[in-house]
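Spelled out from the first residue to the last, the chains are:
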Amino acid sequence: MSTSNDPLLQPFQLKHLTLKNRIMSTAHEPAYSEGGLPKDRYRLYHVEKAKGGIALTMTAGSAVVSADSPPAFGNLHAYRDEIVPWLKRLADDCHEHGAAVMIQLTHLGRRTGWNKGDWLPVLAPSPVREPAHRAFPKEAEDWDVERIVADYADAAQRMQAAGLDGIEFEAYGHLMDQFWSPATNRREDEFGGSLENRLRFTTMVIDAVRKAVGTDFIVGIRMVADEDWNKGLSREEGIGIARHLAGSGKIDFLNIIRGHIDHDAPLNEVIPIQGMRSAPHLDFAGEVREATRFPVFHAARIADVATARHAVATGKLDMVGMTRAHIADPHIAEKVLRGEEARIRPCVGATYCLDRIYEGGEALCIHNAATGREGDMPHVIFKADVIRRAVVVGAGPAGLEAARVLAERGHRVTILEAAGEAGGQVNLLVRNPRRREMIGIIDWRLAELERIGVEIHYDVYAEPEDVLALDPDLVVVATGGVAQMPEVESGDELLTSSWDILAGAVKPTGPVLLFDDNGGHPGMSAAEVIAETGAELEVVSPERFFAPEMGGMNHVPYARAFAEKKVRVTINTRLKSVRRDGNALVAVLGSDFSTKTEQERRVAQVVVEHGTAANAELYLALKPMSKNLGAVDYRALIARKPPLPMKQPDSRFDLIRIGDAVASRNIHAAIYDALRFCSLL
C-alpha cells in the first residue's frame, strides 16, 4: 500500500487541530516523574515518539488534580503550578516534530493507597473498598465534591497555560466513573440512584472546566462504556452515557474502554497480555462510534500495524492507540511512512512495562532497553569512528542484541552459536504455548542481522582457538547460563530442573512438587506446563508471597491455570532435602522462620527452579589474553564513556561478557547489557 492512500497516514481533523496521521499513544503513567513533575526523563520519552512520527502522544495516566488523590504509580501532580513550565517544554519539543500533546486528568477516588502522598483520606462516592489498592475510602461529602470540581478546573487551566493541545478526563476505574457505576455508587442523595444523578459530578466537572478554558480548547474523555460486570455499568447505560456526552457539545472526543479494573483478573481482560486475543474490544469501540457518530479513540492490545490499519479503514476508530507498541518501538509511524513496516520492533505482549509500574517500578520494555532511558541510551545507533572486527559468542537475546548494535555501528561482526538455532533461553520459555509470542524478540533481531549482513555460525561450541582464529579486536561473551539447583542438605541428584520440564526432556509424572527459589517466570511457566498435563502439583516457595519477581498482570494467567487445575500453592516454605522411598520420592520441607517445623511430601517428581549459573568457561579462558583482562570501568560505563581499561596494551582484543554469562537475571537485563556496552565500542 502506498503512503498516499494508507488509512493510517491520513490526517484527522479534531476541532481546530489537524493530527497528521491516525496513530497515537494513549495516556499511561510510565512512572518517570520526579516529585510529581515531568522532568527530562519524562519529556525525552515522549519526544522520542514525536521524532518517530506519532500524531498524538497523550501524557500521564493520570495526572491527579487534587492533593487528596495520592499518586498510586508515579502520577504527575496537575494540582501544582510548578508543573506548567515542565509540561510547556515537553509540549514545545514534541510540537517541533509535528506531534500533538495532550494530558489525562483525574481524581483517583478509591483507586489508590491511603498511605501515599500526603496521607489525606481516600474518598469515593460510597465507602466501597477496591481490592487492588486496598484502601477503605470515606464517602465523599458535599464540600469534597465542590473542591474537587474546582480542582479539575484549575488543573485544566494549568494544562492550557502549558501549551498542550487538549486534555482528557479519566473515567475508567477512577472517581468520575465510580459515580457512574452501580458497583461503587450506593448513594441515596442527588449523586446516586438514577443515571442522571450518577452523571451529576461529571456534568459539574465538565461545566467548570469549560468555564475555565473556554469553548475552543480540546476536552475529551477516556471512558468505560461497559464494565462487563453483572453488578457494574451495563453496556446499555455506558453507550447511553457516550451518546449523552457526545451530544452535550462540551466534549470533543471519546476514548473507549470496556471492562473493570478493581483487581488484577479483570484488569487483565481490559489490558490483555501475551497469549490473549488481539484487539478484543475493537469491535465494541466501533459500535460506540456507530452509535454516537462522534470521534472515537481506543487502545487495547492493538500491537501491529495491520490491525491498526484495519481499525481505521473499517471506520471503527478515528485514532488508534498503539501504546505498548510504542514502548517497544517509538518510531512506528516513521517506519510505515518509509515503507519499512517489516522493521518495526514488535511488542511481544510480555507486559514487563505495566508489571513494573504496578509493582512500584518504572516502565521498561522487555526488549527495547532504550525506552525510558532516552537521555543515555540510543534508539538510533550511530556509526563508530574506528571499525573493529568483533566476535560475539552466543545467539541468545544478549548476543543477538550485541551483534545488532555493533553491526549498526559499522563493525564487522561474526556470531558463534553452540546450538543449531538462535534464541538461547527464549527457546525454552516459548515451549509454554501461551508465551510463544516471545520468539519475536529473537525473530526481529535475526531479521535485522540478515539485513545488515552479519554471519551466524551454528553448532560451534566455541573454544578459545575458534575465537582467536577470527582475529578479533573485540570479543563479546554472551554464552548465557545453565540451570542450577538450589542447595539442599541431601538428594540433589534426585532433582529435576524446570529447564528439563520446559524442554520436554522430562515428562511430568504426578504427583509433582515444584520448588521455586527464583520467583519469576521460569518456575511459574514450568508449573503451568505441568498443570496443563493434568498431573497433581504443589508449588512451594520460600517467599512470603507468590512469585515476587513477576508483576500482577502476568500473575493472572498463572493463577487462573493453578485455580482451574487445582494446584496447591505453599509459601514461606523451603525444600530441605529429598530421599527415595521405594518408587517414590520424599521431599522434606522446612521453614526459614522456625527450626521446629518440618513436614514431608511423598511425590513422584521434585522439580526445582533456582535461576542459572554463569556459563563463563570461555570468558575465563580468554580473560588473561585480553587487553582489559575482562575488567570494566563501571563509572565510565554509567557516564557513557569508553568503559574498558587498557591493562595489556600488547594484547589483540578487548573482552566483555554480558547477560546471564555474568549472572542470572532476565531478558531485559541481557539486552540492556548489550546496548549499553556495544553502543560505546
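Bear in mind that the values here come from a model prediction, so they are computed numbers and not experimental data.

Focus: helix 23 (residues 667-678)
Here is step 1 of the chain: Between the first and last C-alpha of helix 23 there are 16 Å, a value that for twelve residues agrees with the 16 Å anticipated at 1.5 Å per step.
Here is step 2 of the chain: The buried fraction of helix 23 is high, at twelve of twelve residues.
Here is step 3 of the chain: Every buried residue of helix 23 is listed here: Ile-667, His-668, Ala-669, Ala-670, Ile-671, Tyr-672, Asp-673, Ala-674, Leu-675, Arg-676, Phe-677 and Cys-678.

Observations concerning the sheet that holds strand 13 (residues 389-393)
Strand pairs in the sheet, formed through backbone hydrogen bonds, run parallel or antiparallel to each other.
Here is step 1 of the chain: With parallel pairing, five strands are arranged side by side in an open sheet as 15-14-13-16-27. Where the open sheet ends on each side, the last strands, each with one partner, are strand 15 (455-457) and strand 27 (654-657). Within this sheet the neighbouring strands show an average axis-to-axis angle of 20 degrees, counted without direction.
Here is step 2 of the chain: As paired strands, strand 14 (residues 412-416) and strand 15 are joined by three bridges and run parallel to one another.

Comments concerning the environment of Gly-510
Here is step 1 of the chain: One can find Gly-510 in the loop between helix 18 (498-503) and strand 19 (512-516).
Here is step 2 of the chain: What makes Gly-510 partly exposed here is its relative accessible area of 35%.
Here is step 3 of the chain: Residues Gly-510 and Gly-534, spaced 24 residues apart in sequence, show a C-alpha to C-alpha distance of 8.4 Å.
Here is step 4 of the chain: If we skip the residues at most four places from it in the chain, Gly-510 touches Ala-535, Glu-536 and Ala-604.

Remarks on the UniProt feature "domain: NADH:flavin oxidoreductase/NADH oxidase N-terminal" (unreviewed entry) in the protein
Here is step 1 of the chain: The sites that carry the UniProt feature "domain: NADH:flavin oxidoreductase/NADH oxidase N-terminal" (unreviewed entry) are, in the present numbering, residues 8-339.
Here is step 2 of the chain: The span residues 8-339 carries 37% helix and 16% strand; its end-to-end C-alpha distance comes to 13 Å.

What to know about the nonpolar core
Here is step 1 of the chain: Counting 101 residues, the largest nonpolar core has Phe-169, Met-223 and Leu-254 as the members making the most contacts within it.
Here is step 2 of the chain: For this core, the element with the highest residue contribution is helix 3 (residues 142-161), accounting for seven residues.
Here is step 3 of the chain: The next biggest cluster of nonpolar side chains, apart from the first, holds 48 residues, and it includes Tyr-352, Ala-395, Ala-422 and Ile-658.

Some details on the sheet that holds strand 9 (residues 218-224)
Here is step 1 of the chain: Around the barrel, eight strands lie side by side as 3-4-5-8-9-10-11-12; this closed barrel has parallel pairing. Pairs of neighbouring strands in the sheet enclose a mean axial angle of 25 degrees, with direction left out of account.
Here is step 2 of the chain: Where strand 4 (residues 56-64) meets strand 5 (residues 100-106), six bridges bridge the pair, whose relative direction is parallel. Across the sheet, the residue bridging to Met-58 is Met-102, located in strand 5.
Here is step 3 of the chain: Each of strand 4 and strand 5 is contacted by helix 2 (residues 83-96), which is oriented at about 145 degrees to strand 5, the strand it contacts most.
Here is step 4 of the chain: Together, strand 5 and strand 8 (166-171) form the strand contacts of helix 3, whose direction differs from that of strand 5 by roughly 165 degrees.

A short note on the side chain of Asp-329
Here is step 1 of the chain: Here Asp-329 is to be found in the loop between helix 11 (323-328) and helix 12 (332-337).
Here is step 2 of the chain: A relative accessible area of 3% places Asp-329 in the buried class.
Here is step 3 of the chain: Side-chain polar atoms of Asp-329 contact the side chain of Lys-335, separated by 2.7 Å.
Here is step 4 of the chain: Beyond its immediate stretch of four places on either side in the chain, Asp-329 contacts Lys-335, Arg-343, Ile-344, Arg-345 and Asn-368.

Remarks on the packing of aromatic side chains
Here is step 1 of the chain: Under the defined criterion, the tally for this structure stands at nine aromatic pairs.
Here is step 2 of the chain: Ring geometry for Tyr-152 and Phe-201: centres 6.3 Å apart, planes at 70 degrees, overall edge-to-face. In this pair, Tyr-152 is assigned in helix 3 and Phe-201 in helix 6 (residues 200-213), connecting sequence segments 49 residues apart. For the residue pair Tyr-152 and Phe-201, the accessibility class agrees, reading buried in each case.
Here is step 3 of the chain: Grouping aromatic residues by their ring pairs yields a cluster made of Tyr-152, Phe-169, Phe-179, Phe-191 and Phe-201.
Here is step 4 of the chain: Geometry around Phe-284 places Arg-258 over its ring, the cationic atom sitting 5.6 Å from the centre.

Some words on helix 20 (residues 552-564)
Here is step 1 of the chain: If you check helix 20, its first and last C-alpha atoms are 18 Å apart, about what 13 residues at 1.5 Å a residue would give, namely 18 Å.
Here is step 2 of the chain: Of the positions making up helix 20, those classed as buried are Gly-552, Met-553, Asn-554, Val-556, Pro-557, Tyr-558, Ala-561 and Phe-562.
Here is step 3 of the chain: For helix 20, the elements touching its buried residues are helix 8 (264-270), helix 13 (352-358), helix 19 (521-532), strand 20 (537-540) and strand 21 (568-570).
Here is step 4 of the chain: In the stretch just after helix 20, Lys-566 is the one whose phi turns positive, near 60 degrees.

The rules behind these values
Numbers given for residues are sequential positions, taken from 1 along each chain in its written order. For this predicted model, a pLDDT threshold of at least 70 governs which residues receive local features, and a threshold of 80 or more governs which side-chain atom pairs are given and counted, while totals over whole chains, interfaces and linings are taken from all residues. Neither water nor hydrogens contribute to the side-chain values; these are computed over all heavy atoms in the structure. Numbering goes from the N terminus for both helices and strands, where a helix is a DSSP run of H or I of at least four residues and a strand is a run of E of at least two. Helix span, as expected, comes to 1.5 Å for every residue beyond the first. A 1.4 Å probe rolled over the protein chains alone gives each residue an accessible area, and that area as a share of the maximum for its type sets the label: buried under 20%, exposed over 50%, partly exposed in between. By the convention used here, strands pair only if DSSP detects at least 2 bridges between them. In this description, a line fitted to the C-alpha atoms serves as the axis of each element, helices being fitted only across the stretch in contact, and the angle between N-to-C directions of two axes falls anywhere from 0 to 180 degrees. Residues are treated as being in contact if the distance between any of their heavy atoms lies within 4.5 Å. UniProt positions are given in the numbering used here, feature names are shortened, and annotations may be inferred rather than shown by experiment. What makes a nonpolar core is a set of buried Ala, Val, Leu, Ile, Met, Phe, Trp, Tyr and Cys residues whose side-chain atoms join them at distances within 4.5 Å. In protein, a polar contact means a hydrogen-donor-capable atom and an acceptor-capable atom, both N or O and within 3.5 Å, with residues adjacent in sequence counting only if both atoms are side-chain atoms; elsewhere, any N or O pair within 3.5 Å suffices. To pair, rings of Phe, Tyr and Trp, with the six-membered ring standing in for Trp, must have centres within 6.5 Å; the planes then decide the type, stacked if under 30 degrees apart, edge-to-face if over 60, and tilted in the middle. Whether a charge lies above a ring is judged from NZ of Lys or CZ of Arg, which has to be within 6 Å of the ring centre and within 35 degrees of the ring normal.

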